[in-house]
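Observations on chain architecture
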Amino acid sequence: MFKLQENGTNTKKEIIAGLTTFLTMVYIVVVNPIILKDAGVPFDQVFTATIIATVIGTLWMALMANYPIAIAPGMGMNAYFAYSVVGSHTDITYATAFSAVFVAGLIFIALSLTPFREKLIIAIPDNLKHGITAGIGLFIAFIGLRQTGLIADHPQNLVKLGDLHSPEAILALAGLAITIVLMVLRVNGALFIGMLVTSIIAYFTGQLKITKVIEAPSLPEGLIISNPLAAIGDVIQHDLYAVVFSFLLVTIFDTTGTMIAVAQQAGLMKGKTLPRARQALLADSVAATAGSIFGTSPTSAYIESSTGVAAGGRTGLTTVVVAALFVVAAFFGPLVSAVSGLPAITAPALIIVGCLMMESVGKITWNELDEAFPAFLIILSMPLTSSIATGIALGFISYPLLKVVRGKFREVHVLVYIFAILFFYQLAFLPH
């Protein structure tokens, strides 16, 4: 079913890859509820809704597209939902804001059923694709360093070297050393084994504390969106068109950029095209719509999927394993919370995968400044703005401008011009 031999993989590799991806992204079931709780959504509601949306999107990706790319509520969009949409508008409740997510999801599905998103993948210039891959790699490596305290805040320079004597930093460095040695020795499942060994060390050093293991999942608020027409009415009544547009634009490019990055890393791209792109792109739009019904912010393809690819994952069997583990995680909330609450366990995998993804830098045409500078902007801005979508936006805006200056405007696809204008409008006039 998953064509394992054709994709140069086997069941053992796929299971290990699924475990690896799950462990690096499971933090979302804790972080997402914490952020959306600030918008007034009950923690238990978001915890369960996060898992439902993740399982729906990830299984769709596995069974319909056969890709090792997991789907879950996106970081950044949850903060925008909680602090910009609900937090800055006293007349907008979280239920009304979920209506905007629902409507954006419906539009998203409609766009995914057309050739539009597939054409977008082809339209993105190669150097921008390479810049997106490298930029995301740098971004997730920076996340890993920041989560463990290896990089810390600085009042003037923004960042500095953290306290290397802190228990978490020492654990992260030990985990990084163990994992990179296993990687260099080409041990199968090195990333997962590294996380497992780090978890054992953390448990015996007292950093990983497990007090409660099992707890049944619940949806205390029931269905947040029970009437689609009422949801559309909420958007019209509260003039949430800009909110819907922001959710739509950012999610389209966040997911498209991430899919391209992971697919290139796994060697799944066929020239400029992504086979079965429509089925893959439907995964996040269906999950986003379903997630809003139960009570979570928009979903996106997860760049942490690249850890599973690095561990050998090449097919949808990897993501079936991820979805199954999220179903299990629904009943092990306290245990998942304990492990994901200690970033030193998963951060080494993020740092190493970031290194692997930086390989794309070598494919950028650096001797052509009109090609190189937009890619450079993407790579630079993703970690510095903590936003994949912002990096993509700056690349899309600068690329056609430089081509026009050089008189090469005919080389640029019309979609790139359209999205350059849309991204400029979004950055200049909409909250982000």
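All of the points below concern the structure found in this document.

How each quantity is defined
Each residue is numbered by its place in its chain's sequence as written, counting from 1. Per-residue local features are limited, in this predicted model, to residues with pLDDT of at least 70; the limit for side-chain atom pairs, both in listing and counting, is 80 or more; totals at the level of whole chains, interfaces and linings are taken over all residues. Here the side-chain values reflect all heavy atoms present in the structure, with hydrogen atoms and water set aside. As used here, the term nonpolar core means buried Ala, Val, Leu, Ile, Met, Phe, Trp, Tyr and Cys residues forming a set that is joined through side-chain atoms within 4.5 Å. Only protein chains enter the accessibility calculation, which uses a 1.4 Å probe. A residue is then buried if its area is under 20% of the maximum for its type, exposed if over 50%, and partly exposed in between. The way it works is that DSSP assigns letters per residue, a run of H or I at least four long becomes a helix, a run of E at least two long becomes a strand, and they are numbered from the N terminus. The criterion used for residue contact is that any of the two residues' heavy atoms lie within 4.5 Å. Put simply, two rings from Phe, Tyr or Trp (the six-membered ring, in Trp's case) pair if the centres are within 6.5 Å, and we call them stacked under 30 degrees between planes, edge-to-face over 60, tilted for the rest. By convention in these notes, a salt bridge is any Lys or Arg side-chain nitrogen within 4 Å of a carboxyl oxygen on Asp or Glu. At least two DSSP bridges between two strands are needed for those strands to be called paired. In a helix, the anticipated span is given by 1.5 Å times the number of residues less one. Whenever two N or O atoms come within 3.5 Å, that pair is a polar contact, provided that in protein one can donate a hydrogen and the other can accept it, and provided that, for residues adjacent in sequence, both atoms are side-chain atoms. Note on definitions: angles span 0 to 180 degrees between N-to-C directions of axes, and those axes are lines fitted to C-alpha atoms, for helices only across the stretch in contact. Note that the term roughly parallel is reserved for angles under 35 degrees, roughly antiparallel for angles over 145, roughly perpendicular for angles of 65 to 115, and oblique for everything else. By definition, any crossing whose near helix is turned counterclockwise from its far helix by less than a right angle is left-handed, and any crossing with a clockwise turn is right-handed. Residue polarity is assigned by list, with Asp, Glu, Lys and Arg as charged and Ala, Val, Leu, Ile, Met, Phe, Trp, Tyr, Cys and Pro as nonpolar; anything else, Gly included, falls into the polar class.

Of all hydrophobic cores here, the largest spans 69 residues; its most connected members are Met61, Ile136, Phe253, Phe396 and Phe423. Among the elements that take part in this core, helix α11 (residues 241–266) stands out by supplying ten residues, more than any other. Ignoring sequence-local partners within four residues, the contact set of Phe396 consists of Ile124, Leu128, Phe253, Val416, Phe419, Ala420 and Phe423. Counting residues in hydrophobic clusters, the runner-up holds 30 residues, among them Ile35, Val41, Phe81 and Val250.

A few words on the environment of Gly313. Along the chain, Gly313 falls in the loop between α13 (305–310) and α14 (316–329). According to the relative accessible area criterion, Gly313 is buried, its value standing at 0%. Once residues lying within four places of it in the same chain are set aside, the contact partners of Gly313 are Glu14, Ala17, Pro68, Gly308 and Thr318.

This brings us to the packing of aromatic side chains. Throughout the structure, instances matching the rule amount to ten aromatic pairs. Geometrically, the ring pair formed by Phe373 and Phe376 is tilted, given 6.0 Å between the ring centres and 40 degrees between the ring planes. Here Phe373 pairs with Phe376, and both are found in helix α17 (residues 369–385), just three residues apart, close to one helical turn. Judged by relative accessible area, Phe373 falls into the partly exposed class, the value being 36%.

Under the definition given, this model contains six salt bridges. Measuring nitrogen to oxygen at the nearest pair gives 2.8 Å for the salt bridge that ties Arg406 to Glu368. Of this pair, Arg406 sits in the loop between α18 (388–405) and α19 (414–429) while Glu368 sits in the loop between α16 (347–357) and α17, and the two are 38 residues apart along the sequence. Using a relative accessible area of 46% as the deciding quantity, one classes Arg406 as partly exposed. The class for Glu368 is partly exposed, based on a relative accessible area of 29%. Salt bridges sharing partners connect three or more residues here, namely Glu368, Asp370, Glu371, Lys403, Arg406 and Glu411.

What follows covers the pairing of strand β3 (residues 158–161). When strand β2 (residues 151–154) meets β3, the two strands line up antiparallel, connected through four bridges. Its bridge partner lying in β3, Ile151 is registered against Leu161. With antiparallel pairing between neighbouring strands as the criterion, β2 and β3 make up a hairpin whose turn holds three residues.

Right, let's get into helix α1 (residues 11–25). Because the α-helix completes a turn every 3.6 residues, residues three or four places apart line up on one side. In a regular helix each residue adds 1.5 Å, so 15 residues correspond to 21 Å; α1 covers 21 Å between its end C-alpha atoms and thus fits that length. Listing the buried residues of α1 in full gives Glu14, Ile16, Ala17, Gly18, Thr20, Thr21, Phe22, Thr24 and Met25. Sitting at the head of α1, Asn10 places a side-chain oxygen 3.2 Å from the backbone nitrogen of Lys12.

Where helix α6 (residues 116–123) contacts α11, the axes come no closer than 11 Å and their chain directions differ by 55 degrees. Viewed along their axes, α6 and α11 adopt a mutual orientation that is oblique. The chirality of how α6 crosses α11 is right-handed. Counted together, Arg117, Leu120 and Ile121 of α6 and Ile252, Phe253, Thr255, Thr256 and Ile260 of α11 form the full contact between these two elements. Of the residues in the contact of α6 with α11, the class split is five nonpolar, two polar and one charged.

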